[in-house]
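Structure assessment
Listed below are the residues making up each chain.
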Amino acid sequence: MGNLYVSDLDGTLLRSNEVTSEYTNQVINSLVSKGMLFSYATARSLITAKKVTKGINAKIPLIVYNGAFVFDNITEKILIANYFDNSVHSVLDDLFCNGVYPIVYAFINGKEKFSFVRELCTKGMTMFLASRKGDIRTNEVNALSELKEGNIFYITCIDTPEKLKPLYDKYKDKYHCVYQTDIYTNEQWLEIMPLEASKSNAIKQLREMLDCEKLIVFGDGKNDIDMFQMADESYAVANAHEELKKYATDVILSNDDDGVARWLELNYV
């Protein structure tokens, strides 16, 4: 039993420089060693999430890819997985027909890869891929058919709102879709995942697995509303979207003031 504490990552647990502070790392490591059940939930992959939280070395479960997976922070073992079924192939065909050529995440021959066709990348995709230079998951392919390989679990489209909004409207009730502007680059993103793959569902699965009594969450964006609605207590950082604050139990200090860690240090017992 006990309480489960879950924080969003970008804009919440991370400072604006996209890393956790030494103070946040120390507080989380210390409280977990005392028994706190803590996790963070992010759209990032395991690799990039661990890179920006490298000072957090406590044994905690990590909710990544917007809930497609839950990994163990230490062993990197998959604790929970949500994959697409074969219907994803028709979705990809539809994207291609509409001139949208995504980055597709899949396990191919047992290894995690993100695949793309370089010559069809938008400016936003090129910027994103440049930020992942040297990533061992990189899988540049030559044909669109190769984007359908493996066990697919995540599709990222970075393009214009004119192209992406109709696709979001078409698939938002069939799959878990996130349509938002990236907070760092201002590029328009459409992310498509299995319906079961969401932060809120992964948190529900994790809560059941750990048999936790209460759920306490922290966030900053409108995409955290579902998470706030299911929680027993929810806290929005001061820099959070005004819409999210309407659902919050309270508003705490900002991400740059280590709001989550300071709240935990004062309130965890």
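Structure shown above.
The text that follows walks through the structure, step by step, so that each part is easy to find. (Residues numbered from 1 in each chain as written. Predicted model: local features only at pLDDT ≥ 70, side-chain atom pairs only at ≥ 80, totals over all residues. Heavy atoms only, no water.)

Let's shift gears to helix H2 (residues 22-33). Relative to the 16 Å expected for 12 residues at 1.5 Å per residue, H2 spans 16 Å between its end C-alpha atoms, a close match to the ideal helical length. Those residues of H2 lying buried are Thr24, Asn25, Val27, Ile28, Asn29, Leu31 and Val32. Elements that come into contact with the buried residues of H2 comprise helix H1 (9-13), strand S2 (37-41) and helix H10 (259-267). Gly35 sits one or two residues past H2 and shows a positive phi near 115°. (Helix = DSSP H or I, 4+ residues; strand = E, 2+ residues; numbered from the N terminus. Expected span 1.5 Å × (residues − 1). Buried < 20%, exposed > 50% of the residue type's maximum accessible area, 1.4 Å probe, protein only. Contact = heavy atoms within 4.5 Å.)

Attention shifts here to the sheet that holds strand S10 (residues 176-181). In space, the 6 strands of this open sheet follow the order S8-S7-S6-S9-S11-S10, with mixed pairing throughout. Only two strands of the sheet have a single neighbouring strand rather than two, namely strand S8 (138-141) and S10. With direction set aside, neighbouring strand axes in the sheet form an average angle of 20°. Pairing of S10 with strand S11 (residues 188-193) involves 6 bridges; the strand directions are antiparallel. Residue pairing across strands places Tyr179 opposite Leu190, the latter belonging to S11. Across the face of the sheet, helix H4 (residues 88-97) comes into contact with strand S6 (103-108), strand S9 (151-158) and S11 while running at roughly 20° to S9. In the packing of helix H5 (residues 123-131) onto the sheet, contacts are made with S6, strand S7 (111-117), S9 and S11, and the angle to S6 comes to roughly 45°. (Pairing = 2+ DSSP bridges. Axes fitted to C-alpha atoms, helices over the stretch in contact; angles between N-to-C directions.)

Moving on, we get to helix H6 (residues 161-171). Taken as a whole, H6 has its buried residues at Leu164, Leu167 and Tyr171. Taken down its axis, H6 places every buried residue within 65° of arc, on the same side. Where H6 is buried, its residues touch H4, S9, S10 and S11. (Arc of directions from axis to C-beta.)

Moving on to empty space enclosed by the protein. In the structure shown here, the tally under the stated rule is 1 cavity of 30 Å³ or more. Its volume calculated, the largest cavity comes out at about 30 Å³. Forming the boundary of the largest cavity are Val104, Ala106, Ile108, Lys113, Ser115, Glu146, Leu147 and Glu149. Residues belonging to the lining of the largest cavity are distributed by class as follows: 4 nonpolar, 1 polar and 3 charged. (1 Å grid on protein atoms, 1.4 Å probe; cavity = no way out; pocket = protein on both sides within 12 Å on 5 of 7 lines; lining within 4 Å. Points joined across faces, edges and corners; volume = space filled by probe spheres on them. Nonpolar A, V, L, I, M, F, W, Y, C, P; charged D, E, K, R; others polar.)

What follows is about the pairing of S7. Burial analysis of S7 places 5 of its 7 residues in the buried class, which makes it a mostly covered element. As judged from the 5 bridges shared by S6 and S7, these two strands associate in the antiparallel manner. When the sheet's bridge partners are listed, Ala106 is paired in S7 with Lys113. Counted along the chain from S6 to the antiparallel partner S7, the turn is 2 residues long, and its residue Asn109 has a positive phi close to 50°. Bridge analysis of S7 against S8 gives 4 bridges, and the strand direction is parallel. Bridge assignment links Val117 to a residue of S8, and that residue is Val141. Chirality of the crossover, the property in question, places the unit of S7, H5 and S8 among those that are right-handed. (Right-handed = clockwise from strand over helix to strand, strands pointing away.)

As a further point, take the packing of H4 against H6. Two elements in contact, H4 and H6, have axes whose closest approach is 11 Å; the angle formed by their N-to-C orientations is 155°. Regarding the angle of H4 to H6, the classification is roughly antiparallel. Between H4 and H6 lies a crossing of right-handed hand. Residues Ser90, Val91, Asp94 and Leu95 of H4 touch H6, and the partners they reach there are Leu167, Lys170 and Tyr171. (Parallel < 35°, antiparallel > 145°, perpendicular 65-115°, else oblique. Left-handed = near helix turned anticlockwise from the far one by under 90°.)

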